[in-house]
Amino acid sequence: MSFENFKVPYDVDKTYGKKVAYFSMEFAIHQPLKIYSGGLGFLSGSHFRSAYELRQNMIGIGILWKYGYYDQERNQDQTLDVAWNEKLYSFLEDTGIKFQINVHDTPVWVKAWYLNPETFKTAPLFLLSTDLPENDYVSQTISHKLYDANVATKVAQFILLGVGGAKLMDLLGFNPELYHLNEAHGLSAAFYLYQKFNRNLEEVKKRLVFTTHTPEEAGNEKHDIYLCHKMSYFCGLSVEDVKALTRDYGDQFNHSLVALRFAHVANGVSKLHGEVSREMWGKYEGVCPIVSITNAQNWNYWADKQMYKFKEVGDDYGFDDRKWFLKKRAFEIVADQTGKLFDPKVLTIVWARRFAGYKRAGMIASDLQRFNQLVHNTQFPVQIIWAGKPYPMDFPAISEFNELVHLSKNYKNVAVLTGYELGLSKRLKQAADIWLNNPRVPREASGTSGMTAAMNGAVNFSTDDGWIPEFINHGHNGFVIPKADYANMHTHEQDQYDLDKLYEILTGQAIPLYYRDYGTWRQIMKNGMQDVRWQFESNRMAHEYYALMYNANN
């Protein structure tokens, strides 16, 4: 197909007619396309499925990571091994487009690949690669590993996404009316546009919108401004020009702050996160308005349609039988990986998502006495599964994963799985009776795993963070640890409070209910399934991005 004067290759719904280019470092579209690490990708993947379903005039720009995020394998003692394997994709189309961008004052060749909307039912997606024979080896490595640990390589990746993506839009003749940055990784596009529009910042502002995902300042990406300049991040501007333009006079270039000053509107990813973001950035001058658009996940991709069908016709036998079948099927993976045989009739607790310190994967096991009482209880037996991929250089998170692996060796009913990607994620949501989520409040901007867990008949049990305050009605559609005065607590006090409440609710309410009154438990499952079906379905979210961001008055 021809990529000149590119148009979205389906009939656009006029409600969503405004042309948008969406920049994201990662997209979790489908299991075979391994260009994502976690929540940011799961969000953009569902967004692009819904953009297709709603016929929106959107195209995506990402990077074709040669080695993906990494493959999570095991060492001889079952601990985590990080493996880098080349990924090959026969379903991507070669656009024939090659162009150059400047990185470190050197021209670097970029090739664009295309994911056709009909392949996985998504909006069109263009993926950039520097892994070309025309480039030297160092330039080739820019598109090798998602979130490369080398700082200079990471800045080069930001240039590839931002400048490369904006330049591709010009070469395609797509002429986006808006450039949407999903996180600030692609912010270099703003400097490209600034030069394109004769250094008129207002022309950039009216075209730029921004989604922020990080609820604390320390987590927002900052880099040495002189390194960024040396890497050609600013498209020819001097450091002095950049400082004057961004009104940020320090030597650390704050990507999120500058994105908030260059965009005309931004959004947080839950109501709570919107409030936290407005408070956090409110002390800075010249920051654009921040609205809230709560994250969501695509129902067509994630939900178990059979369970919904049985729910709708009131067939409780079919509903229960389907859930037990889904558990049984998922437990084949547990048996294959760990040699442990799980029982589909036993209440199963799953903690599965990216491993990161604030998410507190091992919290339930941090009090061994209570943990032993829980897993050895014969009256109310439980099974526990952990899974998730730590960032490959986050050694504390890797240690936590490995500690849980060693812990699990002591129990027949505790398992730790590797390879937590889209495919395993869906299976574990189907395996779960309780989907456990216990981040430190207010560190989780949104979280989305619980949404898709509920779409597969899992009951959410969570700390009151991210999207959870908008969803859980305790005892009706899930269970929630009530908020304490966290702002005035030390971290260890917060952890102790949450741990005590977790065990109190788990052993005092949730587990006994499952065994003593399954009819009520089933109703809680159904209520959760019903409540995520519309409110946390990504068609609602994709619509809101147009209504609240793209069509908002500049």
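Numbering of residues begins from 1 in every chain and follows the order in which that chain's sequence is written. Given that this is a predicted model, residues contribute local features only at a pLDDT of at least 70 and side-chain atom pairs are listed and counted only at 80 or more, while totals for whole chains, interfaces and linings are drawn from all residues. Processing note: side-chain calculations cover all non-hydrogen atoms of the structure and skip hydrogens and water entirely.

> Summarise the pattern of salt bridges; cite the residues concerned and give the values.
What counts as a salt bridge is simple: a side-chain nitrogen of Lys or Arg found within 4 Å of a carboxyl oxygen of Asp or Glu. Counted according to the given criterion, the structure contains 27 salt bridges. A salt bridge links K34 to E421, with the shortest nitrogen-to-oxygen separation between them at 3.0 Å. On the criterion of sequence distance, the pair formed by K34 in the loop between β1 (20–23) and α1 (39–53) and E421 in the loop between β16 (414–417) and α16 (422–431) is long-range, its members being 387 residues apart. Classification of residues uses two cut-offs on accessible area relative to the type maximum, computed with a 1.4 Å probe and protein chains only: under 20% is buried, over 50% is exposed, and between them is partly exposed. Classification of E421 by relative accessible area gives buried; the value is 9%. A salt bridge links K206 to E203, with the nearest nitrogen and oxygen atoms 3.2 Å apart. Judged by relative accessible area, which is 35%, K206 ranks as partly exposed. Here a strand is any run of E in DSSP of at least two residues, a helix any run of H or I of at least four, and the numbering for each starts at the N terminus.

> Mind laying out unusual backbone geometry, listing which residues take part and the relevant values?
The residue after V441, namely P442, is reached through a cis peptide bond having omega 0°. At N5, a position not held by glycine, the phi torsion is positive, near 45°. Position of N5 relative to the elements: it lies in the segment before β1. Among the residues examined, N5 registers a relative accessible area of 55% and is labelled exposed.

> Go over helix α19 (residues 518–535) with me, naming the residues and quoting the values.
In a helix, the anticipated span is given by 1.5 Å times the number of residues less one. The end-to-end C-alpha separation of α19 is 26 Å, in line with the 26 Å expected for 18 residues at 1.5 Å each. Residues Y518, W521, R522, I524, M525, K526, N527, G528, M529, V532 and R533 constitute the buried set of α19.

> Got a sec to walk through the sheet that holds β1? Specific residues and values, please.
Between any two strands, pairing holds if DSSP finds at least two bridges. Taken together, nine strands build an open sheet; the order of strands is β5-β6-β7-β2-β1-β8-β9-β12-β13 and the sheet is mixed. Bordering the open sheet on either side are β5 (93–103) and β13 (290–292), each of which pairs with just one other strand. On average, each strand axis in the sheet is inclined to that of its neighbour by 25°, with strand direction left out of account. In this sheet, strand β8 (residues 178–182) lies alongside β1 in parallel orientation, the contact comprising four bridges. Pairing of V20 across the sheet is with L178, part of β8. Across the sheet, helix α10 (residues 271–281) is in contact with β12 (265–268) and β13; its angle to β13 comes to roughly 165°. Convention adopted: a line fitted to C-alpha atoms gives each axis, helices being fitted over their contacting stretch, and angles between N-to-C directions are expressed from 0 to 180 degrees. The contact criterion used throughout is that any non-hydrogen atoms of two residues lie within 4.5 Å.

Geometric values such as these leave the question of function open.
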